[in-house]
Amino acid sequence: MLKRFARRRDPGIRGHQAAAGWLFLAPAIVLLGLFLVLPIAMALWVSFSDWNGNGSPRHAHFVGLENYRHLLTQPGLDQSNFGTSLRNNFYYVLLVVPIQTAVALFLAVLVNRGIKAVGSFRTAYYFPSVTSSVAITILFLFLFSPTGVINELLSYFGVTGPSWLYDPRGLFHVILAQFGVDQPPASLANGMFLGVSYWDWLSGPSIAMCVFIVMAVFTTSGTFMLLFLAALQSIDDSVNEAAALDGATEWRKFRYITVPMIRPMIFTVVTLGLIGTWQIFDQIYVGTKGSPSNTTLTPAFLSFNTSFNGSEWGVGAAIAFILFAIIVFFTIVTRLVTRNTDRVPRRRRFGPTQPLGFPDASRIASGEPGSAP
Amino acid sequence: MHPHLVHPRRTTRSRRWFLSAVVTVSALAVAVGAAIGSPTKSHATTLTALIGSSGPAETFAVNAAAKAYTKQTGVEVNVIVASDLGQQLAQGFASGNPPDIFYMSNDSVATYAKSGVLAPLDKLKNVKTFYPSLRAAYTYKGHLYAAPKDFSTLALVINSASWQRAKLTAKNYPKTWAQLASVAKKLTRSGQVGLCTGAEFHRLGVFMIQNGGWLVSKDGKTATVNSKANIQAFNFVKQMINAGSFKLTNQLGVGWGGEGFGKQQCAMTIEGNWIAGAMTHDYPSVKYRVVQLPAGRAGMGTLQYDGGWGMAAASKNKAAAMSLISYLTLPKVQLGNAKAFGVMPSVKGVAKTWSKLYPQFAAYLAGANYSKSIPNVPGIATVLGDFNQQLQGLPTTDAKTILDRVNRELQAILNQQ
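All figures in this text were calculated on a predicted structure; none of them were measured in a lab.

Below, the discussion takes up the overall build of chain A. A count of helical and extended segments in chain A gives 19 helices and 2 strands. Buried residues in chain A amount to 35% of all 373 residues. In chain A, once contacts between residues fewer than 6 apart in sequence are set aside, the share between residues at least 24 apart is 71%.

Rendered as structure tokens:
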């Protein structure tokens, strides 16, 4: 008891530092609180309220889960728009994340090999990432205009390009049509989920969305290349040398040394990619505003549009929080997947006879499963 | 921080220093916040007007009118050009400090009026001078929520050179759908389609009206989007598309009908009088004529777009704001705007003067006799937005499928009204 009192009176050698610490933290806490925590809390409140945009949301009424129910269970325009936006964004993520990760890793490996003029390659690849997304979008609008550079190029090869950003046809539907399937079977046409028929869920990204997919890969690969490059440079050369001495091919070195060693960075890149792609907004706002036929509508843009132009603020905020839940869900899934593979499978574990704990590259090189306990 | 930097004995002093620092910082923050937050107090009233301008000519004309008003009354007017009118208005309404007056289109007036952000303008001095149809377009539940400032109808814009090349004369201006289809066919040649317009209700809707259809029933309670008349109208459009003499702007890969027309990718388009500005600035070499749209089975019909001034319910100077709106909708101000950027005045009194000023655009004014405005239903802009998205697929989709869908959506918001 006494001791505790004494301790409270005498702050000890570091006690008063807490005060100074708080003081130094104060600006950050105030700024984060004011511009991050408070707005998020307000938005959460709006998603549970009937706020109509008139005056402060504080005076709105609490309506419980009504806005969420409206979106998820009530057939109507809001629901089908939401379903459509989820479909569009899902295909966008499905294509962008793996492609951009692979391209970034490929570029990083190339740049890391000590070829000449590495600096200029690094700059060239990174350039799109530091350019404003609005500028890039406008550039792509010109490139992919029906009479633009891309179609001009295609015409040299005798190919008549599609009208790209004006083409609402789904990629999978186009491919199926090549095989003569251009009408949905009744089972797919009649079933509905979130206001979108099963057939439309299976449409794939529209031709217009493909332009945004190419754009995303083009702009973000540079950033992720830098992250991979940092990871690659932290791999000790001796590991690769040892593998080389044991006769491992380039591919095997890459597959069994590089990839496992940069796995944490792969997790980072995939997670950042997932978050970024689910939040796509500015490209859509500048480029198409959801056209053609709503096939580039995304939840982030729909949330904005529903709130600001449709005056349905509660529904707009609810979309934002469902999007938040989706992102959290996918991040956890990614984490689980990468965590499970963190442990080297038993058959690939390196044997105890190995000196210095380096991988037994000869075994890797031959591709035989490990014989070790 | 290094543990030995501050000696334990200096605790009380550093605490005092800490306290005073906190006080200073918060005082500074409050002072700065107050300085930024509170508007500079002046004795004269200042009004804010938020406009969505079509270009420098319009911005200049509105500013000139505002200056003239200040000269007359001493009330300062601050004209702000919005880059995204809907978003900036929404921010203003949410903050409780909206612009006093602002542009208001008639498809969003009901949405805003319902949420209570608009002040009624029933007591506007010159309320009787407007065309009744324009007043109706801005009336929601018996109250006028915006003062009409100008309007336009849609008409048929024809490329003169193409018309002559196809050996067509003034006698051939289409009066019926059949004639429209026939001239469009004659005008179609390599690199130029006969007719093009936006893949949206806001253009194609004229065929609905000409065929006796509309979005809602007469009493405004029932959605009639999928009526037989409307299905027939869109099937006529599809027939022309299939015949190759009509293309939607998304098929041409242009942003709007005016662009396709200006680039001579089509010989005719259906557009409002705002096309005049685009033609003058972007395509000065293209000569054109504007004629009335052909009649359908049910007679003449066109769509009408209205611009108006709305007033914020949260405005702190409602009396002054209302007098400013009165001033900005006076015949002489509207004629000034007409001269500056070609809009059609919302007051009956100056129709003749306008016709003399713009004889070549008589078709737009004539359209006012048989035009329809978008019905005032909260949320209609969203439904029509979806209608437009669906119409982009019209060439490959059954018209009835689209109309059934939009009918469901429209009925849903009519029920909520």
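Next comes the rest of the write-up.
All names here are of chain B. Averaged over all residues, the pLDDT of chain B equals 88, while 89% of them reach at least 70. Residue range residues 1-11 is modelled with pLDDT below 50. Its contacts to residues more than four positions away, or to other chains, number 10 contacts. Reported confidences for the modelled complex are a pTM of 0.83 and an ipTM of 0.80.

This brings us to the interface of chain B and chain A. Residue-level contacts link 33 residues of chain B with 30 residues of chain A. Per-class residue counts for the side of chain B that touches chain A are 14 nonpolar, 16 polar and 3 charged.

This paragraph deals with the packing of helix α2 (residues 56-73) of chain B against helix α14 (residues 331-341) of chain B. Residues and elements named next belong to chain B. Taken N-terminus to C-terminus, the directions of α2 and α14 make an angle of 155°; their axes are 9 Å apart at the nearest point. The angle between α2 and α14 places the two elements in the roughly antiparallel class. For α2 against α14, the interelement crossing comes out right-handed. Note on element contacts: α14 touches α2 through Val333, Gly336, Asn337, Ala340 and Phe341, opposite Ala57, Glu58, Phe60, Ala61 and Ala65. Counted by class, the contact of α2 with α14 contains 7 nonpolar, 2 polar and 1 charged residues.

Residues and elements named next belong to chain B. Within strand β3 (residues 101-105), 4 of the 5 residues are buried, which leaves it mostly tucked inside the rest of the structure. Note that strand β1 (residues 46-51) and β3 share 2 bridges and pair parallel. Its bridge partner lying in β3, Leu50 is registered against Phe102. In this sheet, strand β12 (residues 302-311) lies alongside β3 in antiparallel orientation, the contact comprising 5 bridges. Bridge pairing links Tyr103 to Trp309 in β12.

Grouped together as the largest cluster of nonpolar side chains are 118 residues, with contacts concentrated most on B:Leu121 and B:Ile325. The two domains that each donate at least three residues to this core are domain 1 (46-151 + 305-369) and domain 2 (155-292 + 377-416) of chain B. When near neighbours in sequence (up to four residues on either side) are disregarded, B:Leu121 contacts B:Leu144, B:Tyr145, B:Ala146, B:Ala147, B:Met311, B:Met322 and B:Ile325. In this structure, A:Val111, A:Phe140, A:Ile262 and A:Val315 belong to the second largest nonpolar core, which totals 57 residues.

Right, let's get into the sheet that holds strand β9 (residues 246-248) of chain B. Two orientations exist for strands paired in a sheet by backbone hydrogen bonds: parallel and antiparallel. Residues and elements named next belong to chain B. Taken in spatial order, the 5 strands line up as β9-β8-β10-β7-β11 in an open sheet, and their pairing is mixed. With one partner strand each, in any of the chains shown, β9 and β11 (288-291) form the two edges of the open sheet. On average, each strand axis in the sheet is tilted by 25° relative to the strand beside it, whichever way the strands run.

Below, the discussion takes up the domain arrangement of chain B. All names here are of chain B. If you check the domain split of chain B, you get domain 1 (46-151 + 305-369) and domain 2 (155-292 + 377-416). Each partner contributes residues to the interface: domain 1 has 17 residues there, and domain 2 has 15 residues. Mapped by element, the contributors of at least two residues to the side of domain 1 that touches domain 2 are α4 (109-114) and α16 (362-367). Ranked by residue count, the leading element in the side of domain 1 that touches domain 2 is α16, at 4 residues. For the side of domain 1 that touches domain 2, the residue count by class is 8 nonpolar, 7 polar and 2 charged.

All names here are of chain B. Burial analysis of β12 places 10 of its 10 residues in the buried class, the great majority of the element. Here β12 shows two buried faces, one formed by Thr302, Gln304, Asp306, Gly308 and Gly310 and the other by Leu303, Tyr305, Gly307, Trp309 and Met311. By the bridge criterion, 7 bridges tie strand β6 (residues 146-153) to β12 in an arrangement that is antiparallel. Following the sheet pairing, Phe151 is matched in β12 by Asp306. Taken together, the 2 bridges between β12 and strand β14 (residues 371-372) define a ladder with parallel strand orientation. Across the sheet, residue Thr302 finds its bridge partner in β14, namely Ser371.

What follows concerns the environment of B:Ser83. Checked against the element boundaries, B:Ser83 lands in the loop between β2 (76-81) and α3 (85-95). Taking the C-alpha atoms as reference points, B:Ser83 and B:Ser53, separated by 30 residues in sequence, lie 8.5 Å from one another.

The next thing to look at is the environment of B:Ala61. All names here are of chain B. With respect to the secondary-structure elements, Ala61 resides in helix α2. For Ala61, a count of 19 C-beta atoms within 10 Å corresponds to the partly exposed category. Sequence-wise, Ala61 and Gln334 are 273 residues apart; in three dimensions their C-alpha atoms are separated by 9.8 Å. Residues in contact with Ala61, not counting those within four places in the same chain, are Gly336, Asn337, Ala340 and Phe341.

Among all residues save glycine, negative phi is the norm, and among peptide bonds the norm is trans. Residues and elements named next belong to chain A. Residues Ser291 and Pro292 are joined by a peptide bond in cis, for which omega reads -15°. Along the polypeptide, Pro292 turns up in the loop between α16 (282-287) and α17 (299-309). Positioned with a positive phi, Ser293 is a non-glycine residue whose angle comes to about 45°. Mapped onto the fold, Ser293 is located in the loop between α16 and α17. Overall, Ser293 belongs to the buried group, with 27 C-beta atoms counted inside 10 Å. Of note in this structure, Ser311 is not a glycine but carries a positive phi near 60°.

On to α3(B). Of the residues making up α3(B), those classed as buried are B:Leu89, B:Ala90, B:Gly92, B:Phe93 and B:Ala94. Contact partners of the buried residues in α3(B): α17 of chain A together with β1 and β3 of chain B. With its phi angle positive at about 80°, B:Gly96 sits one or two positions after the end of α3(B).

Thresholds applied
Residues numbered from 1 in each chain as written. Chains lettered and ligands numbered in written order. Predicted model: local features only at pLDDT ≥ 70, side-chain atom pairs only at ≥ 80, totals over all residues. Helix = DSSP H or I, 4+ residues; strand = E, 2+ residues; numbered from the N terminus. Buried ≥ 20, exposed ≤ 12 C-beta atoms within 10 Å, placed from the backbone. Contact = placed C-beta atoms within 7 Å. pLDDT = per-residue confidence, 0-100. Nonpolar A, V, L, I, M, F, W, Y, C, P; charged D, E, K, R; others polar. Axes fitted to C-alpha atoms, helices over the stretch in contact; angles between N-to-C directions. Parallel < 35°, antiparallel > 145°, perpendicular 65-115°, else oblique. Left-handed = near helix turned anticlockwise from the far one by under 90°. Pairing = 2+ DSSP bridges. Core = buried A, V, L, I, M, F, W, Y, C linked by C-beta atoms within 7 Å. Domains from an automatic or database assignment.

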